[in-house]
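Reading the structure
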Amino acid sequence: MGGRGVSLPFGSAALPERLRLGAQHQLPAFERVAHLAARATASPMALVTLLTGDGQWNVGRYGVDDAELPLNSSICQRVLPAEGLQQVADPATDARMVTLELIASLREVRFYAGQPILFRGRTVGMVCVLDTRERRIDPDDAQALHDLATIVAEHLETLDQQVMTELERQRAEHFASASGDWFWELDAELRYAWLSPNFEAATGLEPSALIGRPAGRIRTVPQLLTEEPAPVQHLLERHEDFFGVLVEARLHGEPRLVKLNGLALHDDDGRFLGYRGTGRDVTEFTSAVRAAEREALQRESAEKSAEAKSAFLSRASHELRTPLNAIIGFTQLMQLNRDEPLPPRLREQVALVAQASDHLLALVNDVLDLSRLEHTPPTQTEPVALEGLVGDVLALLQVDAARRDVHVQAEVPVGLHAQAVPHDLRRALLNLVSNAIKYNREGGQVTVSALSDPLAGRVQLAVRDTGIGIAPEAMGQLFQPFNRLGAQKTSVQGSGLGLVISRALVRGMGGDLRVESVPGRGTTVWLELPTP
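Residues numbered from 1 in each chain as written. Predicted model: local features only at pLDDT ≥ 70, side-chain atom pairs only at ≥ 80, totals over all residues. Heavy atoms only, no water.

1. Some words on the overall build of the protein
- In terms of helices and strands, the protein carries 13 helices and 18 strands.
- Of all 532 residues assigned to the protein, the portion counted as buried reaches 40%.
- For the protein, restricting intrachain contacts to residue pairs at least 6 apart in sequence, the fraction spanning at least 24 positions comes to 61%.
- For the protein, the computed accessible surface area is about 29,700 Å², with 53% contributed by carbon and sulfur atoms. (Helix = DSSP H or I, 4+ residues; strand = E, 2+ residues; numbered from the N terminus. Buried < 20%, exposed > 50% of the residue type's maximum accessible area, 1.4 Å probe, protein only. Contact = heavy atoms within 4.5 Å. Areas by Shrake-Rupley, 256 points an atom, 1.4 Å probe, with all protein chains shown as cover.)

2. Some thoughts on helix α10 (residues 386-396)
- When α10 is considered as a whole, its buried residues turn out to be L386, L389, V390, V393 and L394. The buried residues of α10 occupy an angular sector of 130° when the element is viewed end-on, so they sit on one face. Exposed residues on α10 whose side chains face more than 90 degrees from its buried face are A395 and L396. (Arc of directions from axis to C-beta.)

3. Focus: the sheet that holds strand β6 (residues 122-131)
- Taken in spatial order, the 6 strands make up an open sheet running β3-β2-β1-β6-β5-β4, and their pairing is antiparallel. Here the strands that pair on one side only, and so sit at the sheet edges, are β3 (68-70) and β4 (86-88). Neighbouring strand axes in the sheet, compared pairwise and without regard to direction, differ in orientation by 25° on average.
- Note that strand β1 (residues 45-51) and β6 share 6 bridges and pair antiparallel. Each residue of the ladder has a partner; that of L50, found in β6, is G125.
- The sheet contacts of helix α2 (residues 27-41) involve β1, β2 (55-62) and β6, and relative to β2 the element is tilted by about 70°. (Pairing = 2+ DSSP bridges. Axes fitted to C-alpha atoms, helices over the stretch in contact; angles between N-to-C directions.)

4. Observations regarding the nonpolar core
- Counting 42 residues, the largest nonpolar core has L386, L425, L429, V433 and L527 as the members making the most contacts within it.
- Those elements that place two or more of their residues in this core are α10, β14 (417-420), α12 (422-438), β15 (445-453), β16 (458-465), α13 (498-508), β17 (512-518) and β18 (522-530).
- Counting residues per element, this core draws most heavily on α12, at 7 residues.
- With near-sequence residues (within four places) excluded, V433 lies in contact with V393, L394, L397, V446, V448 and V463. (Core = buried A, V, L, I, M, F, W, Y, C linked by side-chain atoms within 4.5 Å.)

5. Quick notes on the sheet that holds strand β8 (residues 192-195)
- The 5 strands are arranged β8-β7-β11-β10-β9 in an open sheet whose pairing can be described as antiparallel. The two strands at the open ends of the sheet, each matched to only one other strand, are β8 and β9 (242-251). Each strand axis lies, on average, 30° off the axis of its neighbour in the sheet, ignoring direction.
- Where β9 lies against strand β10 (residues 254-266), 8 bridges are found, and the strand directions are antiparallel. Along β10, the bridge assignment pairs L251 with E254.

6. Some details on the packing of α2 against helix α5 (residues 139-179)
- Their axes nearest at 9 Å, the elements α2 and α5 cross at an angle of 170°. The angle between α2 and α5 places the two elements in the roughly antiparallel class. On α5, the residues that touch A29, F30, V33, L36, A37, A40 and T41 of α2 are D141, A144, L145, L148, V152, H155 and L156.
- The class makeup of the residues in the contact of α2 with α5 is 11 nonpolar, 2 polar and 1 charged. (Parallel < 35°, antiparallel > 145°, perpendicular 65-115°, else oblique. Nonpolar A, V, L, I, M, F, W, Y, C, P; charged D, E, K, R; others polar.)

7. With respect to the pairing of β6
- Of all 10 residues that make up β6, 9 are buried, and the element is covered over most of its length.
- Pairing of strand β5 (residues 111-119) with β6 involves 9 bridges; the strand directions are antiparallel. Bridge pairing in β6 places I117 opposite G125.
- Hairpin remark: β5 followed by β6, antiparallel, with 2 residues in the connecting loop; positive phi at R120, about 55°.

8. Looking at the confidence of the model for the protein
- Model confidence for the protein is summarised by a mean pLDDT of 81, while 80% of its residues fall at 70 or above.
- The low-confidence segment residues 1-8 (pLDDT under 50) makes 20 contacts with residues lying over four places distant or belonging to another chain. (pLDDT = per-residue confidence, 0-100.)

9. Notes on the pattern of salt bridges
- Per the stated rule, a full pass over the model turns up 18 salt bridges.
- The residue R191 makes a salt bridge to D187 at a minimum N-O spacing of 3.2 Å.
- Classification of R191 as partly exposed rests on a relative accessible area of 35%.
- Between R271 and D267 there is a salt bridge, with its nearest N and O atoms 3.0 Å apart.
- Overall, D267 belongs to the partly exposed group, its relative accessible area being 22%.
- Several salt bridges converge on common partners, so that one network encompasses D131, R133, R135 and D141. (Salt bridge = Lys/Arg side-chain N within 4 Å of Asp/Glu carboxyl O.)

10. What to know about unusual backbone geometry
- One non-glycine residue, R120, adopts positive backbone phi at about 55°.
- Mapped onto the elements of the fold, R120 is located in the loop between β5 and β6.
- The class for R120 is partly exposed, based on a relative accessible area of 49%.
- In this structure, L190 takes a positive phi of about 60° despite not being glycine.
- Following the sequence through the fold, L190 ends up in the loop between β7 (182-186) and β8.

11. Things to note about the side chain of Q460
- Along the chain, Q460 falls in strand β16.
- Here E528 takes part through its side chain, which lies 3.3 Å from a polar atom of the side chain of Q460.
- Contacts of Q460, omitting those with residues within four sequence positions, involve S449, A450, L451, R514, W526, L527 and E528. (Polar contact = N/O pair within 3.5 Å; in protein donor to acceptor, adjacent residues only side chain to side chain.)

12. Regarding α13
- Every buried residue of α13 is listed here: G498, L499, V500, I501, S502, L505 and V506.
- Once α13 finishes, G510 follows within two positions and takes phi at roughly 85°, a positive value.

13. Some details on the packing of aromatic side chains
- Inspection of every chain in the model, using the stated rule, returns 5 aromatic pairs.
- Ring geometry for F242 versus Y275: centroids 5.6 Å apart, planes at 50°, classification tilted. Taken together, the residues F242 in strand β9 and Y275 in strand β11 (residues 272-281) connect sequence positions 33 residues apart.
- Pairing F272 with Y275 gives two aromatic rings, centres 5.6 Å apart and planes at 70°, and the pair type is edge-to-face. (Phe/Tyr/Trp six-rings, centres within 6.5 Å; stacked < 30°, edge-to-face > 60°.)

Right under this line is the structure:
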């Protein structure tokens with residue numbers, strides 16, 4: 001098209017772009033209006049024109065061949081702005097028209113009359129007639145053109161609403177397709193009346209196989225264990241809205257979970273009209289949610305079981321302490337009774353009872369400690385001087401070490417501190433060094449060393465022994481409560497809880513504990529704590 005440098009006159013507007021395609025499908029209706037205009041005014045030529053961004057679109061034509069004209073060839077553009085009927089007695093001689101290319105090619109045109117088409121308060125075109133003879137429009141002809149322009153304007157308004165509705169429908173379908181949803185509609189008899197275009201792609205089902213058939217024969221999936229599955233038909237018969245209903249359906253030939261939402265439709269008098277709703281395949285999402293729920297239930301069950309176990313152990317341990325203390329007290333009285341000394345044979349037997357009672361009491365105390373650690377919040381830590389604390393621990397165990405002919409030494413730098421709970425760190429070290437002594441060889445050695453890692457902000461304590469070591473296949477069982485890794489077959493007494501308690505104590509102080517061992521050469525326990 002031509003028309004460069006020519007703009008629409010003030011008060012006029014180009015046809016909205018959204019209406020261009022809609023008007024294209026309505027050309028026969030505009031053609032009829034042009035025919036009516038020519039017949040009503042007894043004119044040989046008539047046009048229904050719409051202004052576009054760069055020209056004149058003749059959507060309805062009678063006696064004229066050109067479907068489009070540039071603005072510099074548009075008679076309509078030259079008579080605008082206009083209110084009411086516009087008449088040009090002789091376009092060929094009119095000062096506004098002499099430069100028009102159309103007039104140059106149609107010298108025989110001697111008359112033009114046009115009625116503006118108003119859309120949303122702006123002129124978007126004209127209903128006009130042309131003649132080869134000079135004439136004037138009488139009142140009846142003028143009224144006919146006015147009525148026809150009004151009809152075109154009303155038709156454009158209706159067409160715009162249809163276009164906007166279609167755009168909204170397309171937008172909704174695009175959003176639904178992007179989200180994986182599909183749309184469905186039921187009539188008042190609860191039969192499928194419409195399914196969105198993406199239905200087949202989303203479900204693998206042909207819409208034609210469902211249209212007109214009753215809905216709701218599938219069954220709901222209970223979301224609570226107390227619910228019973230029910231046909232969706234029962235839900236629909238309530239004529240109420242529903243959201244998030246799960247059903248089982250076969251999509252693409254596989255059993256899947258589908259979430260349905262539905263809005264019940266009623267007219268102004270409250271009569272039920274049907275349903276409109278959405279569907280979505282939520283199999284993977286629901287499976288993930290249910291897996292998380294099962295995991296949470298299992299975790300809760302495990303926690304309750306652990307609490308029950310700890311409560312039982314704690315209560316049982318407390319109940320065992322009373323008779324144990326009595327047994328230990330009586331054996332001590334029997335051993336210390338100088339007025340009535342025990343015969344040698346009986347004295348040996350009482351010594352065995354006292355030894356077994358002491359071992360059992362130590363086991364009970366360990367169980368109580370483990371139970372306390374599992375349910376007691378961490379204690380506030382503080383800077384602890386390691387040299388003095390390690391020295392105290394080794395002094396307490398010096399007698400045991402001497403009895404087993406094990407040499408114990410410390411290699412801790414002066415002034416080295418760790419952020420810890422003094423009592424808990426002492427207890428953990430007592431367990432570790434005691435194990436290193438018990439499971440050592442005769443004439444063996446235990447070394448407690450410490451070093452600082454300023455970059456990592458950690459302090460490492462190492463308890464090394466030259467004992468029997470731990471077999472590689474047993475390393476994975478180290479921190480199992482009551483598991484002594486075969487030591488129960490030896491004469492060395494123990495509960496199998498010392499290492500477990502020590503790690504719990506260290507982790508409660510923000511540290512960690514790990515073990516390295518070489519069978520026949522010894523074991524090293526690394527105890528790591530934060531620096532102050």
